[in-house]
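One letter stands for each residue in the lines below.
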Amino acid sequence: MQTMKLGEVSISRVIEIDRSSFSTASMLPDSSADVIAAHHRWLKPHFFDERTGDLASRIQTYVVRTPRHTVVIDTGVGNGKTRAGSPAWHMRQSSYLDDLAAVGVTPEQVDFVLCTHLHVDHVGWNTRWKDGRWVPTFPNSTYVIAGAEWEFWKYESDAGKEESGCIADSVVPVVEAGQALLVDSDFKVDEHLRFEPWIGHTPGHVCVRLTTSASSAVFSGDLMHRTVQVAEPQWSSRFCYDPAQARATRRAFVERHADSGTLILAGHFPHPGFIVREGGGYRFTPAA
Ligand SMILES: [Zn+2]
């Protein structure tokens, strides 16, 4: 996928990191290699990474251009951030802004940054280091964040329980700059885009629904981390705040969108695609 058109709206993506920082076994503690192997017939080749012998994963940003707005959904890990616990994320120097320019977008052009949730691998490029401090990367943008998500992580950060430091260096500066818009979890951004609460992975996790004259899509954030969870929605990730709620949310999401023709664009999936029913279960199939 480079850029796809859905009616009057285009979707592009910028891949910041093209492989997983965690093995599937580590990411999905309840998963089993045997069960995953039984799904290889549909996981390969699109959702499998032969370099690692494991399921493929990305850290990426989606760029949505509607007739009126340029919108960025989730902002990856970021450059120059102290991430003591994550060598692959620590003090990165990537070409992300050049890659954004390559899909035709400068930071100044972005009208909205939509945050599905406030985890470290989704907020990094909210800010960049300039003149000795963290400033919003997108100077003309409104950063839209579910209020419930902000309240939870603000508390965790103030209590010293948010270990990565991402709230302090990637979210608070946006709030202090007056560029954050704290909203209800069903907030309507414009006539094409709106938030929907799908909680569990984090307390205020939202998906972003896109509706166009041609069809619809959902940017599902971290409701699922690996494509195999479409078939095994009971497997929560090690990073799910409430694994039982996350499981129920994932099941409901898979059932609602199966065979619906809704394009699913997940935070970490290597390709957009569709949820389809098969043999009493579900699988994911890549968009053409
Ligand atoms: Zn994530």
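The rules behind the values
Residues numbered from 1 in each chain as written. Predicted model: local features only at pLDDT ≥ 70, side-chain atom pairs only at ≥ 80, totals over all residues. Heavy atoms only, no water. Helix = DSSP H or I, 4+ residues; strand = E, 2+ residues; numbered from the N terminus. Rg over C-alpha atoms; globule rule 2.2 N^0.38 Å. Areas by Shrake-Rupley, 256 points an atom, 1.4 Å probe, with all protein chains shown as cover. Lys, Arg positive; Asp, Glu negative; His and termini not counted. Charge placed at Lys NZ, Arg CZ, Asp CG, Glu CD. Buried < 20%, exposed > 50% of the residue type's maximum accessible area, 1.4 Å probe, protein only. Salt bridge = Lys/Arg side-chain N within 4 Å of Asp/Glu carboxyl O. Polar contact = N/O pair within 3.5 Å; in protein donor to acceptor, adjacent residues only side chain to side chain. Contact = heavy atoms within 4.5 Å. Core = buried A, V, L, I, M, F, W, Y, C linked by side-chain atoms within 4.5 Å. Donors = N, O, S within 2.8 Å, 3.2 Å for Na, K, Ca; no water. Tetrahedral: all angles 85-135°; square planar, octahedral: opposite > 155°, others 65-115°. Pairing = 2+ DSSP bridges. Axes fitted to C-alpha atoms, helices over the stretch in contact; angles between N-to-C directions. Parallel < 35°, antiparallel > 145°, perpendicular 65-115°, else oblique. Left-handed = near helix turned anticlockwise from the far one by under 90°. Nonpolar A, V, L, I, M, F, W, Y, C, P; charged D, E, K, R; others polar. Expected span 1.5 Å × (residues − 1).

Chemist: Give me the overall build of the protein: which residues, what numbers.
Modeler: When you go through the protein residue by residue, the secondary structure sums to eight helices and 17 strands. The C-alpha radius of gyration of the protein comes to 18 Å, within 12% of the 19 Å expected for a compact globule of 288 residues. Along the three orthogonal principal directions, the C-alpha set of the protein runs to about 55 × 45 × 35 Å. Looking at the protein as shown, the accessible area adds up to about 11700 Å², and 49% of this sits on carbon and sulfur atoms. Averaging the positions of the 28 positive and the 34 negative side-chain charges in the protein gives two centres separated by 3 Å.

Chemist: Give a description of unusual backbone geometry that names residues and reports values.
Modeler: Between K44 and the following residue, P45, the backbone shows a cis peptide bond with an omega angle of 0°. Positionally, P45 belongs in the loop between α3 (40-43) and β3 (48-49). In this structure, M91 is a non-glycine residue whose phi angle is positive, near 50°. M91 gets classed as partly exposed once you look at its relative accessible area, which sits at 43%.

Chemist: So what's going on with the side chain of R58? Residues and values would help.
Modeler: Mapping R58 onto the fold places it in the loop between β4 (54-55) and β5 (59-65). No salt bridge is formed by the buried R58; its nearest oppositely charged neighbour, D49, is found at 5.1 Å. Polar contacts involving the side chain of R58 include one to the main-chain carbonyl oxygen of D18, which spans 3.0 Å. Excluding residues that lie within four positions of it along the chain, R58 makes contacts with R13, I15, I17, D18, G267, H268, F269 and P270.

Chemist: So what's going on with the nonpolar core? Which residues, and what values?
Modeler: Ranked by internal contacts, the top residues of the largest apolar core, which has 29 residues, are V113, L118, W150, I167 and V171. Among the elements of the structure, β2 (9-17), β5, α4 (96-102), β10 (142-146), α5 (147-158) and α6 (166-176) are those that each provide at least two residues to this core. Once residues lying within four places of it in the same chain are set aside, the contact partners of W150 are L118, I145, I167, V171, V172, V175 and L182. Judged by nonpolar contacts, the second largest core, of 25 residues, contains L43, L223, A266 and I275.

Chemist: Account for the coordination of the zinc ion, with residues named and values stated.
Modeler: Binding of the zinc ion to the protein goes through D121 (OD), H122 (NE2), D222 (OD) and H268 (NE2), at separations of 2.1 to 2.2 Å. Taken together, the four donor atoms surrounding the zinc ion define angles of 84 to 164° at the centre, an arrangement classified as irregular. Each donor residue of the zinc ion lies on the same chain, and together they follow the pattern D-H-x99-D-x45-H. We classify D121 as buried; its relative accessible area is 10%.

Chemist: Would you mind going over the sheet that holds strand β7 (residues 112-114) in detail, with residue names and values included?
Modeler: Read from one edge of the open sheet, seven strands run β1-β2-β5-β6-β7-β10-β11, paired in mixed fashion. Since the sheet does not close on itself, it has two edges, and those belong to β1 (3-6) and β11 (180-183), each with one partner. The mean inter-strand angle of the sheet, taken between neighbouring strand axes irrespective of direction, is 25°. In terms of strand pairing, β7 meets β10 through three bridges, oriented parallel.

Chemist: Explain the packing of α5 against α6 to me, using residue names and the numbers behind them.
Modeler: Where α5 meets α6, the closest approach of the two axes is 11 Å, and the angle between their N-to-C directions is 125°. The angle between α5 and α6 places the two elements in the oblique class. In this structure, α5 crosses over α6, and the sense of that crossing is left-handed. Facing α5, whose interface residues are W150, W153 and S157, α6 presents I167, A168, V171, V172 and V175. Counted by class, the contact of α5 with α6 contains seven nonpolar, one polar and no charged residues.

Chemist: Please give an account of the pairing of β5 that cites residues and values.
Modeler: For β5, the tally of buried residues reaches six of seven residues, placing the bulk of the element in the interior. Pairing geometry for β5 and strand β6 (residues 70-73), over four bridges, is antiparallel. Paired with V63 across the two strands is V72, which belongs to β6. Where β5 hands over to β6, the hairpin turn is made up of four residues, counted between the paired strands.

Chemist: Quick one: what's the story with α5, residue by residue and with numbers?
Modeler: In this model α5 runs 16 Å from its N-terminal to its C-terminal C-alpha over 12 residues, within 8% of the 16 Å that 1.5 Å per residue would give. All of the buried residues along α5 are G147, E149, W150, F152, W153 and E156. Of the surrounding secondary structure, the elements contacted by the buried residues of α5 are β10, α6 and β11. Of the residues flanking the end of α5, it is G160, one or two places downstream, whose phi is positive at about 75°.

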